[in-house]
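Structural overview for review
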Amino acid sequence: MIPRSVRTSEPTIAEAGAWADVLVRRRLLYAAVLAPTGQWLVQFQPDGPVRVLTGPADIVELAATIQHRIRSTRPDSR
């Protein structure tokens, strides 16, 4: 397995918002909402529980986890 590269800076709210938008548009999340506190409220299914993520880094990590899961379950096309 290839190790993830190390970030040199913390993810911004704008970056987290972009990832949240992509995850919702691709229907990998049902909803992702930035709360006034800087926390993110995410829901995987319409009737599912709401998870509270503490900040932008958690959204980016969630996106990376979902992306890794998708890639690891997809048949190798090389």
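Quick summary incoming for the structure in this document. (Residues numbered from 1 in each chain as written. Predicted model: local features only at pLDDT ≥ 70, side-chain atom pairs only at ≥ 80, totals over all residues. Heavy atoms only, no water.)

1. Section: helix 1 (residues 13-25)
Given a rise of 1.5 Å per residue, 13 residues ought to cover 18 Å, and the 18 Å separating the end C-alpha atoms of helix 1 matches this to within 8%. What helix 1 keeps buried is the set Ala16, Ala20 and Leu23. Seen along its axis, helix 1 keeps its buried residues to an arc of 65 degrees; they face one direction. Opposite the buried face of helix 1, by more than 90 degrees, sit the exposed residues Ala14 and Arg25. Packed against the buried residues of helix 1 are strand 1 (31-34), strand 2 (40-43) and helix 2 (56-73). (Helix = DSSP H or I, 4+ residues; strand = E, 2+ residues; numbered from the N terminus. Expected span 1.5 Å × (residues − 1). Buried < 20%, exposed > 50% of the residue type's maximum accessible area, 1.4 Å probe, protein only. Arc of directions from axis to C-beta. Contact = heavy atoms within 4.5 Å.)

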